[in-house]
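Structural overview
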Amino acid sequence: MYKVMLVDDEKIILDGISQMIDWASLETQLIGTASNGVDAFEKVKELQPDIVVSDIRMPGMDGLELVAAVHRSYPSIRFVLLSGFGEFDYASRAMQYGVKHYLLKPTNENKIAEALKEILTELESDQQRERFVSTIKQGLQKAIPHVKQQVLKEFVTNKTYGSRDWDYYRELFQFEFESPVRLLLFQLEGAVEFEHLFAIKNIAEDLLDTTLLSTTIGDHVLVLVEDTLELSELYRRIHDIRDTFLRYYKLDATIALSEPDGITQARSLYQETLQSLNYRFYLGEGGLITRKDTGARGPETTGHFDFEEEKLTMPVQSGHREEAEQALSQLMDELMRAKLDIHVTKTYVIQQFVSLLRLGDPQQINRYYGRLSELVGMNTLQAIQELLENTVREIVQYHYERNVVKHTSIVRKVIDIVNEQLGNSELSLNQVAGEMLYMNADYLGKLFKKETGEKFSNYVVKARVKKATELWAANPEIKIFEMAEMLGFGDNPQYFSQVFKKQMGCTPSEYAKQTDNSAF
């Protein structure tokens, strides 16, 4: 119900109007009366009526003065003024305070009721308008953060936005900052839901009190901050954001931080953070990446890289795990140093992986190609290296097991050849590998040492000395120069004597005498 107050210096009029009006039927309530303007103003302050029905001619403070005083403090209160004939011109001055209803004395209940109904209609209309405006304002207040987010998205993604657009939005949203800004771009690692993006956005806004705007773009969270903090303090707060998010959601985040610049350069700052995030491919997931960490390299300064897939495939095919792991580690180190375009690096990695697959167990080929699909989707070089390491170990083991028997057979052939060719002064690893077994000499030498524990040349020397002892045991009369010639030392008995003494601890002649004496 609306509240009404009556003001008149004639008690009979106050009582008459009070009693003749059916206040309830008008959805009103008479809350008080006053006999003069001064008393009325005090009661207005106390009772806060919606409508005041007042006489104009009163002692102390007349009706017009009352209207002026109330309007200054309570402009929403409506008035119905009662005036005598001839006072209408005087009362019309009240129009400047919005008074629209004047009744000439004497009046009746119908006229007063009619005036009240008109005012009630006006009040209801005003309240509806206020409710509508309030609803619109509330909706706008809720929408403004989303609108600001959209503005930030447009500034970092729309090429056409410039300083004029920023001036417009700065005035519209009353942005009050002139200092340089930085952009923070967050990328969450793992299975991400919108809840996670919303959470890290709120955490960033709480811990970075210099936040100006923030939004989500795809799977990223973008935060615009004023560049007012010391860099060390900014780094600390960024790490706090990451640690807080990790603690609550068990997900890590990689953060790219731009250099400072003006707000109108937001698009180039955004591109900078995107490029920085790309370097998580080389630097790994989690942590903070700045332009300094990327080396600020452009296409013209890309590192040099020579790709030779055989460096890895050869030791893998040979079953040499240690050498294969070393070759893979070297490949990854060279790619990390070169920091090529990520697509180029992936091309090299895929090419190397396919070359490995060709060496794998044919029965496992489908599983290996499943790994290839996994590799293509990987976002860091570290993850790729782990997959390659596992694959290399499997394929190396496959070849090692296949080669064990083959290696033993090859080495046995080499030993047989050595025993047959002890008298051949030209006997060498290159001759055995190239002319007799048609193999790579380096590979054969490594295989021989792995199986026998001896280098080929040392093994031949020991075999010749052993053969010499066997020949002298059968015939102590053999001369030293004859023995040297028989065992491949040619016409160099002195060298034979040196080798023999080194192996047996005595000269050939001393050994021959010992053998001769033991025969008796």
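You'll find the structure just up there.
First things first, this report covers the structure right here in the doc. (Residues numbered from 1 in each chain as written. Predicted model: local features only at pLDDT ≥ 70, side-chain atom pairs only at ≥ 80, totals over all residues. Heavy atoms only, no water.)

Thoughts on the pattern of salt bridges
Heads up, the condition is: The term salt bridge refers to a side-chain nitrogen of Lys or Arg lying within 4 Å of a carboxyl oxygen of Asp or Glu. Secondary structure elements follow DSSP: runs of H or I of four or more residues count as helices, runs of E of two or more count as strands, with numbering from the N terminus.
Applying the stated rule across the entire model yields 23 salt bridges. Here Lys-105 ties to Asp-8 by a salt bridge, and the two come within 3.4 Å at their closest N and O atoms. Placement of Lys-105 in the loop between strand E5 (101–104) and helix H5 (109–157) and of Asp-8 in the loop between strand E1 (2–7) and helix H1 (11–20) is noted, with a sequence separation of 97 residues between them. Between Lys-462 and Glu-454 there is a salt bridge whose closest N-O contact spans 2.5 Å. Within the structure, one salt-bridge network assembled from shared partners comprises Asp-209, Glu-233, Arg-236, Arg-237 and Asp-240.

Here we look at the nonpolar core
Definition in use: For the purposes of this section, nonpolar cores are sets of buried Ala, Val, Leu, Ile, Met, Phe, Trp, Tyr and Cys residues that join through side-chain atoms within 4.5 Å. Using a 1.4 Å probe on the protein chains alone, a residue whose accessible area is under 20% of its type maximum counts as buried, one over 50% counts as exposed, and one in between counts as partly exposed. Residue contacts are defined here by distance: any two heavy atoms, one from each residue, within 4.5 Å place the two residues in contact.
Membership of the largest hydrophobic core comes to 32 residues, with the highest contact counts inside it found for Leu-312, Val-316, Leu-388 and Val-392. Of all the secondary-structure elements, those providing two or more residues to this core are helix H10 (280–283), helix H12 (310–318), helix H13 (321–338), helix H14 (342–357), helix H15 (365–376) and helix H16 (381–420). Once you skip the residues sitting within four places of it in the chain, Leu-312 turns out to touch Ala-324, Ala-327, Leu-328, Gln-352, Leu-356 and Val-392. Counting residues in each nonpolar core, the second largest holds 31 residues, with Leu-427, Ala-433, Leu-444 and Phe-456 among its members.

Focus on the packing of H12 against H14
Here is the rule: In this description, a line fitted to the C-alpha atoms serves as the axis of each element, helices being fitted only across the stretch in contact, and the angle between N-to-C directions of two axes falls anywhere from 0 to 180 degrees. Roughly parallel here means an angle under 35 degrees, roughly antiparallel means over 145, roughly perpendicular means 65 to 115, and every remaining angle is called oblique. Handedness of a helix crossing follows the sense of rotation of the near helix relative to the far helix, less than a right angle counterclockwise being left-handed and clockwise being right-handed. Polar here means any residue outside two lists: the nonpolar Ala, Val, Leu, Ile, Met, Phe, Trp, Tyr, Cys and Pro, and the charged Asp, Glu, Lys and Arg; Gly therefore counts as polar.
Where H12 contacts H14, the two axes come as close as 10 Å, and the packing angle between them is 20°. Our classification of the angle between H12 and H14 gives roughly parallel. Between H12 and H14 the crossing geometry is right-handed. Facing Leu-312, Thr-313 and Val-316 of H12, the residues of H14 in contact are Gln-352, Ser-355 and Leu-356. Residue composition of the contact of H12 with H14, grouped by class: three nonpolar, three polar and no charged.

Observations concerning the packing of aromatic side chains
Filter applied, for reference: For this analysis, a ring pair means two rings from Phe, Tyr or Trp (six-membered ring only for Trp) whose centres lie within 6.5 Å, classed as stacked if their planes differ by under 30 degrees, edge-to-face if by over 60, and tilted for the remaining angles. A ring has a charge above it when a Lys NZ or an Arg CZ is no more than 6 Å from the ring centre and no more than 35 degrees off the ring normal.
Taken as a whole, this structure holds 12 aromatic pairs when the rule is applied. With centroids separated by 5.1 Å and ring planes inclined at 20°, the aromatic side chains of Phe-245 and Tyr-249 adopt a geometry described as stacked. With Phe-245 and Tyr-249 both in helix H8 (residues 231–249) and four residues apart, the pair spans about one turn of that helix. Accessibility expressed as a relative area gives 0% for Phe-245, which makes it buried. Centre to centre, the rings of Phe-448 and Phe-456 are 5.8 Å apart; their planes meet at 70°, and the pair counts as edge-to-face. Residue Phe-448 is classed as buried on the basis of its relative accessible area, which comes to 1%. Under the relative-accessibility criterion, Phe-456 is labelled buried at 8%. An aromatic cluster is present here, built from Trp-472, Phe-489, Tyr-495, Phe-496, Phe-500 and Tyr-511 joined pairwise through their rings. Here Arg-464 stacks its cationic end above the ring of Phe-489, 5.7 Å away from the centre of that ring.

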